[in-house]
Amino acid sequence: IPFVTQFNGKGIQRAIKEFKSLNSNIDRARFLTRRLLLPATAALTASTAVLAKQLFDAAKAASADETAQKLLAAALEKATGATEYQIETADKLVDRLQRQTGVADDELRPALANLARATGNITQAQELLALALDVSAGSGVGLSEVQQILVNAMMGNYKGLKQLGVQFEATGDRQKDFERVTQILANLFGGAAKTKAETFEGMLQRLRIAYDEIVERIGYAVLPYLQRFANFVLNAVVPAVEQAIKS
C-alpha cells in the first residue's frame, strides 16, 4: 500500500487503515520504517547530493571567474602599464557592460585584453570594446570576431570589414584610416547593443547574466572551504594513501 499516491487523501487513509490493522508493535515499527523513515531518508540523501552538486558547481563558476579576472589584470598591466586602480575600474566596466548588454564577462574580458594588447592604451581599448559590442549586436557577428576585425583594421588589414557590410578604401595612413573605420562603424551600428538589450531576447540574456552572478557570489562564499578541503586531501590524504600502498 503506497503511503502517498495522488494528493486526494486516499493514500493517507489507506496507510492509516493498514497501520491500525497491525496487531503488534513490532509490525507497526516495521511499517513506519518501510513507509516513512526509509523514503524520507532516501529523499534527504538525494536532496543533500543535489545541494552539494549545486554548491560545487557554484564554486567552479567562482573559480573560473577569479581566474578570468587575474588573466585580464595581467594582460592590462603588461600591455598598457595599467595601475591597480585602472585595472579595478576596467573590471567594474566589464561587470556593468555585461549587465547592460547581456554579453557575459567571459566574452568581454578576453576581448578587452586583446584590444589592450593591440592599442597599448587602456582607455582606447575600453572605447573599442564598447564599439565592438554595438557592431556585434547590429551585425550578428560574434564579439570575439568583431574585436579581431578591429585589431586587424588597426594594423592595416581591412578585409574583415566586408563581413560587416562595409566597403573601405584605404589611403595608406593607418592612423587616419582606422579613425575613419571606427567612425563608419559607429555611424552604422551605434546604439545597437542597447537596442538589442531592450528586446525580449536581450532581457532574457540579462536575466541569465544576473542569475549566473548570483551563482558566482554563492561560489565565492563556498570556495575557501573547498580550497581548504582540497589542500587537506592533496597534502594529507593522498600522501597517506600512497604510503599505505608502498608499505
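Residues numbered from 1 in each chain as written. Predicted model: local features only at pLDDT ≥ 70, side-chain atom pairs only at ≥ 80, totals over all residues. Heavy atoms only, no water.

1. Points about the pattern of salt bridges
Considering all chains together, one arrives at 6 salt bridges under this definition. Residue Arg99 is joined to Asp95 by a salt bridge in which the shortest nitrogen-to-oxygen separation is 3.1 Å. Linking Arg99 with Asp95, this pair stays in helix α3 (residues 84-101), spanning 4 residues, or about one helical turn. Assessed through its relative accessible area of 39%, Arg99 is described here as partly exposed. (Salt bridge = Lys/Arg side-chain N within 4 Å of Asp/Glu carboxyl O. Helix = DSSP H or I, 4+ residues; strand = E, 2+ residues; numbered from the N terminus. Buried < 20%, exposed > 50% of the residue type's maximum accessible area, 1.4 Å probe, protein only.)

2. What to know about the packing of aromatic side chains
Scanning the entire structure with this criterion turns up 1 aromatic pair. A centroid spacing of 4.9 Å and a plane angle of 50 degrees characterise the contact between Tyr158 and Phe168, whose relative ring orientation is tilted. Here Tyr158 is found in the loop between α6 (143-154) and α7 (174-189), whereas its partner Phe168 is found in the loop between α6 and α7, with 10 residues between them in sequence. Judged by relative accessible area, which is 14%, Tyr158 ranks as buried. (Phe/Tyr/Trp six-rings, centres within 6.5 Å; stacked < 30°, edge-to-face > 60°.)

3. Section: the side chain of Ser136
Within the element layout of this structure, Ser136 appears in helix α5 (residues 122-139). With residues up to four places along the chain from it excluded, the contact list for Ser136 reads Val141, Gly142, Leu143 and Val146. (Contact = heavy atoms within 4.5 Å.)

Coordinates in, geometry out; function isn't part of it.
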